[in-house]
Structure formats: C-alpha cells, structure tokens
Amino acid sequence: MPEAQHPDDGVQVDMISAERMDGLRTMEKIRLILDGVHDGNIVILEQGLDPQEESKLIEVTMSEISPDGFTGIEIETYPTGSGDTGLFGKLMGKNSKSKLTVIGPANRIETLHKDENLISTLIHKQ
C-alpha cells in the first residue's frame, strides 16, 4: 500500500478489490486492513469479510488499542446484493457475499446515518 499522506493533504481512501482479498488468508486480510487504518486511511472493501473474519478483525483491533495511539476502528457494512438475494432468495437458500464495507480509524470516521440504501459518514481530518 502507498505511504499515507500528511493530514493537511486530505483523507486517503484505500479501495481494495474482491480479487485482491480472495488470494489472502484471514490474518493477511486483517493486517492489510489494519495497516491502512493505523496510517489514518479509510479502507473500503469491495466485498466484505465473512462473519468469522469480521470477528477476528474486531479481536485483533481490541488487542492493538492503546491510550496514546491507536483508538480502534469504525466499521459499516452495506449489502449490495440484488434480485434473488432478497427475502425470497434467502428462503430458497441463495446467499450473497456481496457487500461493501467501510473501515476507518474510530477517531476519524463517524457514521451519521445508515439504512438499507445509504451509509452517510463524516470523515474528520486529524
């Protein structure tokens, strides 16, 4: 990942494709995400983590929080499935892993509103 910019230059957003994440093991995914967030970046995953990976991300994050440094993460997931992945699709056993996930430093990202169609987030400069 490229080096983080100076805070006065704005906010860096790292958009990570599903293809990039597909070849990684769980801890490699978590390190990729947390290294970006530690640098103050907002990380957007084209395809979200599975529930076990998300739990591990939270576990690792909690172990890295420090009073004078890393404040943790804010994470929001937005399902992007269509058609058959609605209620009828779920009843028929179809499951979509398609979801957009936004992750950022807890002290820089604030979710203002979230519903099934919109995530509204305020990103603070450091």
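Quick notes on the rules
Residues numbered from 1 in each chain as written. Predicted model: local features only at pLDDT ≥ 70, side-chain atom pairs only at ≥ 80, totals over all residues. Heavy atoms only, no water. Helix = DSSP H or I, 4+ residues; strand = E, 2+ residues; numbered from the N terminus. Buried < 20%, exposed > 50% of the residue type's maximum accessible area, 1.4 Å probe, protein only. Contact = heavy atoms within 4.5 Å. Axes fitted to C-alpha atoms, helices over the stretch in contact; angles between N-to-C directions. Parallel < 35°, antiparallel > 145°, perpendicular 65-115°, else oblique. Left-handed = near helix turned anticlockwise from the far one by under 90°. Nonpolar A, V, L, I, M, F, W, Y, C, P; charged D, E, K, R; others polar. Patch = residues over 30% accessible without salt bridge, like charges linked within 9 Å, V, L, I, M, F, W, Y side chains within 5 Å. Areas by Shrake-Rupley, 256 points an atom, 1.4 Å probe, with all protein chains shown as cover. Salt bridge = Lys/Arg side-chain N within 4 Å of Asp/Glu carboxyl O. Expected span 1.5 Å × (residues − 1). Arc of directions from axis to C-beta. Polar contact = N/O pair within 3.5 Å; in protein donor to acceptor, adjacent residues only side chain to side chain. Core = buried A, V, L, I, M, F, W, Y, C linked by side-chain atoms within 4.5 Å. Pairing = 2+ DSSP bridges.

**Quick word on the overall build of the protein chain**
Move 1: Across its full length, the protein chain holds 4 helices and 6 strands.
Move 2: The helix and strand sequence of the protein chain, counted from the amino end, reads β-α-α-β-α-β-α-β-β-β.
Move 3: Buried positions account for 30% of the 126 residues belonging to the protein chain.
Move 4: Within the protein chain, contacts between residues at least 6 apart in sequence are counted, and of these 65% link residues at least 24 apart.

**Digging into the environment of Gly10**
Move 1: Looking at the element boundaries, Gly10 is found in the segment before β1 (13-16).
Move 2: Separated by 113 residues in sequence, Gly10 and Ile123 place their C-alpha atoms 9.9 Å apart.

**A word on the packing of helix α2 (residues 26-38) against helix α3 (residues 51-64)**
Move 1: Between α2 and α3, the least distance of the axes is 10 Å, while the angle of their chain directions is 50°. On the basis of the axis angle, α2 is oblique to α3. For the pair α2 and α3, the crossing hand works out as right-handed. On the side of α2, the interface is formed by Thr26, Met27, Lys29, Ile30, Arg31, Ile33, Leu34 and His38, while α3 contributes Glu53, Lys56, Leu57, Val60, Thr61 and Glu64.
Move 2: When grouped by side-chain class, the residues that make up the contact of α2 with α3 number 6 nonpolar, 3 polar and 5 charged.

**Examining a nonpolar patch on the surface**
Move 1: Nonpolar side chains collect at one region of the surface, where Val11, Val13, Met15 and Ile123 lie side by side and expose about 340 Å² of accessible area between them.
Move 2: Take Val13: it is sitting in strand β1.

**Concerning α3**
Move 1: Here α3 spans 20 Å end to end across 14 residues, near enough to the 20 Å set by a 1.5 Å rise per residue.
Move 2: Buried within α3 are the following residues: Glu53, Leu57, Val60 and Thr61. Buried positions in α3, seen along its axis, are confined to an arc of 105° and lie on one side of it. In α3, those exposed residues whose orientation departs by more than 90 degrees from the buried face are Pro51, Gln52, Met62 and Ser63.
Move 3: Taken together, the buried residues of α3 touch α2, β3 (73-79) and β4 (99-105).
Move 4: Regarding α3, its N-cap is Asp50, as a side-chain oxygen of that residue lies 3.1 Å from the backbone nitrogen of Gln52 further along.

**Focus: the nonpolar core**
Move 1: Of all hydrophobic cores here, the largest spans 16 residues; its most connected members are Met21, Ile33, Leu45, Leu57 and Ile103.
Move 2: Every element with two or more residues in this core is listed here: α2, β2 (42-45) and α3.
Move 3: For Ile33, the residues in contact, after removing those within four places along its chain, are Met21, Val43, Leu45, Leu49, Leu57 and Ile103.

**Concerning the sheet that holds β1**
Move 1: Spatially, 4 strands are ordered β1-β2-β4-β3 in an open sheet, and the strand pairing comes out mixed. Either end of the sheet is taken by a strand with one partner, and the two such strands are β1 and β3. Across the sheet, the axes of successive neighbouring strands diverge by a mean angle of 15°, strand direction being ignored.
Move 2: Pairing analysis gives 4 bridges linking β1 to β2, with the strands arranged parallel. Looking at β2, one finds that Met15 is bridged to Ile44.
Move 3: α3 rests against β3 and β4 of the sheet, and its axis sits at about 170° to β3.

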